[in-house]
Amino acid sequence: DTEVTQTPKHLVMGMTNKKSLKCEQHMGHRAMYWYKQKAKKPPELMFVYSYEKLSINESVPSRFSPECPNSSLLNLHLHALQPEDSALYLCASSQEFDRDYNEQFFGPGTRLTVL
Amino acid sequence: TQLLEQSPQFLSIQEGENLTVYCNSSSVFSSLQWYRQEPGEGPVLLVTVVTGGEVKKLKRLTFQFGDARKDSSLHITAAQPGDTGLYLCAGEELSGYSTLTFGKGTMLLVSP
């Protein structure tokens, strides 16, 4: 199994809503990532978890709250988002985080629209 | 922060033509990954190059890593409409944590 799955595929939410994005991988990878991607732009790193611990937070606003319940799952909790947060949210995983030659495999993404 | 310059940004060609996409940096990378992304989907890993001077082939796609591991190229021979998509290069930093530095991407449109 070389797949990263993400749910939901699409999400529309109001600025007062609370929602969560989910990501799962069964490749035995110990590093998982959240990226945000705007149209026609490259992905921007948001968070990195290594061995279920938060290793990197790229100065992301607190309205985004990541969670790693176990080594296969990664969540992104959303609360009080702004319309400019509308984007494609990508999850990725890699075998490790602190080693050279570390291929990242991406999920299909969640298209988020904030009204 | 390492920068990765990718060119061209847009490329519109006819089926059967050849093309080359370039990624250049002044910094050395431990590896460089090439992805292809279709609209509304996640990037799909095409290849990873690790050794300076390395050449890898994937059907009609040829990837090369520069001798100094600062640049890379993707050459497509006889492009097909199915090659249409956003091509992203991403360099893995040399030391410490393996975050990726992405190029801005090349949007390729291959018309029949």
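Coordinates for the structure precede this section.
First things first, this report covers the structure right here in the doc. (Residues numbered from 1 in each chain as written. Chains lettered and ligands numbered in written order. Predicted model: local features only at pLDDT ≥ 70, side-chain atom pairs only at ≥ 80, totals over all residues. Heavy atoms only, no water.)

The subject of this paragraph is the pattern of salt bridges. The final tally for this structure, using the stated rule, is six salt bridges over all chains. When the shortest N-O distance is used, the salt bridge between A:Glu52 and A:Arg30 registers 3.2 Å. With A:Glu52 in the loop between β5 (44-50) and β6 (53-57) and A:Arg30 in the loop between β3 (18-25) and β4 (31-37), the pair connects residues that are 22 residues apart, well separated along the chain. Its relative accessible area of 34% is what places A:Glu52 among the partly exposed residues. Using a relative accessible area of 28% as the deciding quantity, one classes A:Arg30 as partly exposed. Ionic pairing is found between B:Arg60 and B:Asp83, a salt bridge with its closest N-O pair at 2.9 Å. Of this pair, B:Arg60 sits in the loop between β6 (55-58) and β7 (61-65) while B:Asp83 sits in the loop between β8 (71-76) and β9 (85-93), and the two are 23 residues apart along the sequence. Note on B:Arg60: relative accessible area 29%, which makes it partly exposed. Judged by its relative accessible area of 8%, B:Asp83 is buried. (Salt bridge = Lys/Arg side-chain N within 4 Å of Asp/Glu carboxyl O. Helix = DSSP H or I, 4+ residues; strand = E, 2+ residues; numbered from the N terminus. Buried < 20%, exposed > 50% of the residue type's maximum accessible area, 1.4 Å probe, protein only.)

So, to be careful, I would describe these as geometric facts and stop short of saying anything about function.
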